[in-house]
Amino acid sequence: MQTSPDHCVICDAPLTLLDAATQPTCRSSACRWRYSTMPAGEKCRVCGRPLALAERVSRLCGRAACRDERMREWRQWRDRRREEDTALRAEAAALRAERAAALGIADAESYVVALTPAYVRGGLVPVPRERRRALRAHLTRVATAAIAQPDAGSDEAPDPQTDPALPPAVGRLLGTACATCGGHCCRNGSERAYISADTIRRVVRKEPGLTVNAVVARYLRRVGKTSHDDSCIYHGPTGCTLTREMRSDTCNRYFCGELAQLKRSVERGSLTRVFLTAHRGPAGELATSAFVDATGA
Ligand code: SF4
Ligand code: SF4
Ligand SMILES: [Zn+2]
Ligand SMILES: [Zn+2]
């Protein structure tokens, strides 16, 4: 929503009522030209006034009316998301009852609903040569940096899902949740797969003497015949084609909001039985689902 200014947003001259209703500037062609050529990121998202440098991050000017309007929009968005979430959870509970009846599970309600996103974008296609080339270029760059400066950067932590501190049943539960989702969080992996020089340093520390070419070849070999065309190059038909040891810390340690909450609850022991289901977008249909007992039973 735009609020009408009563002064030209460029030269601060008072505006006539008509001008204020149609333009944020006065009639001077210099003001109009300056305003029309100004990038959107330099104008308040509510009233359209040019922003001071410090205001550009939030794209909001300092006027109370604009801040209130933005807050109102945010509350509306939050309430809509809450309603969608409540509706989705009710749908998931109905699905749980239906699947439990079909599988002969008597106490369906003892399985707490966990609602992860679902990967729904691109299809599976043979990996194009350009994608392989882009991956090779990225790997060569990070492997060269890692091997030239083996002690630089910061240590990548061990993989939490093979961490002996994490009970195997919890690791399995998290793995099942990601399989149910299908890798929604891999969609931004592109041809870099979050692999950094630090990832390669970790690999080389385990196998000293590995050359740049050997590292690059090893990673290139893990690219499958097909992968999702709008996701990470390693996002294959059955999930990630890299071994856990070869994946970046980002991949090994990231949990989406729902999964992080699930992990905390299972670790605390406040939750053992879970009905995992994945949804296609905030108001989307429910995709796959699974009943899982985190105790391994
Ligand atoms: S972390 Fe969350 S978004 Fe990522 S694959 Fe697992 S369930 Fe899906
Ligand atoms: S490397 Fe594997 S886990 Fe990481 S983004 Fe790509 S497909 Fe996902
Ligand atoms: Zn003006
Ligand atoms: Zn404003």
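Residues numbered from 1 in each chain as written. Chains lettered and ligands numbered in written order. Predicted model: local features only at pLDDT ≥ 70, side-chain atom pairs only at ≥ 80, totals over all residues. Heavy atoms only, no water.

A. How the structure looks around the layout of surface pockets. The calculated volume of the largest pocket comes to roughly 830 Å³. Of all the secondary-structure elements, those providing two or more residues to the lining of the largest pocket are β1 (112-117), α5 (168-181), β4 (235-236), β5 (239-240) and α8 (249-253). It is α5 that contributes the most residues to the lining of the largest pocket, five residues altogether. Grouping the constituent residues of the lining of the largest pocket by class yields 21 nonpolar, 14 polar and three charged. (1 Å grid on protein atoms, 1.4 Å probe; cavity = no way out; pocket = protein on both sides within 12 Å on 5 of 7 lines; lining within 4 Å. Points joined across faces, edges and corners; volume = space filled by probe spheres on them. Helix = DSSP H or I, 4+ residues; strand = E, 2+ residues; numbered from the N terminus. Nonpolar A, V, L, I, M, F, W, Y, C, P; charged D, E, K, R; others polar.)

B. The arrangement of the site of ligand 2 in detail. Inspection of the region around ligand 2 gives C186, A193, Y194, C232, Y234, H235, C240, L242, R247 and C251 as its neighbouring residues. Spatially, ligand 2 is embedded in the largest pocket. Within the shell around ligand 2, the residues separate by chemical class into eight nonpolar, one polar and one charged. (Near = heavy atom within 4 Å. Sits in = over half its atoms within 2 Å of the grid points.)

C. Geometry of the side chain of H138. By the secondary structure assignment, H138 is in helix α4 (residues 129-148). The exposure class assigned to H138 is buried, which follows from its relative accessible area of 8%. One polar contact links the side chain of H138 to the main-chain carbonyl oxygen of I195, over a distance of 2.7 Å. When near neighbours in sequence (up to four residues on either side) are disregarded, H138 contacts E191, R192 and I195. (Buried < 20%, exposed > 50% of the residue type's maximum accessible area, 1.4 Å probe, protein only. Polar contact = N/O pair within 3.5 Å; in protein donor to acceptor, adjacent residues only side chain to side chain. Contact = heavy atoms within 4.5 Å.)

D. Main features of the pattern of salt bridges. Applying the stated criterion across every chain, the model contains 15 salt bridges. Put simply, E191 and R131 hold a salt bridge, and the shortest N to O gap is 2.7 Å. Of this pair, E191 sits in the loop between α5 and α6 (197-206) while R131 is found in helix α4, placing the two residues 60 residues apart along the sequence. On the basis of relative accessible area, R131 is assigned to the buried category, the value being 10%. A single network of salt bridges, built from pairs that share partners, joins D85, R89 and E258. (Salt bridge = Lys/Arg side-chain N within 4 Å of Asp/Glu carboxyl O.)

Read these as geometric descriptors, not functional statements.
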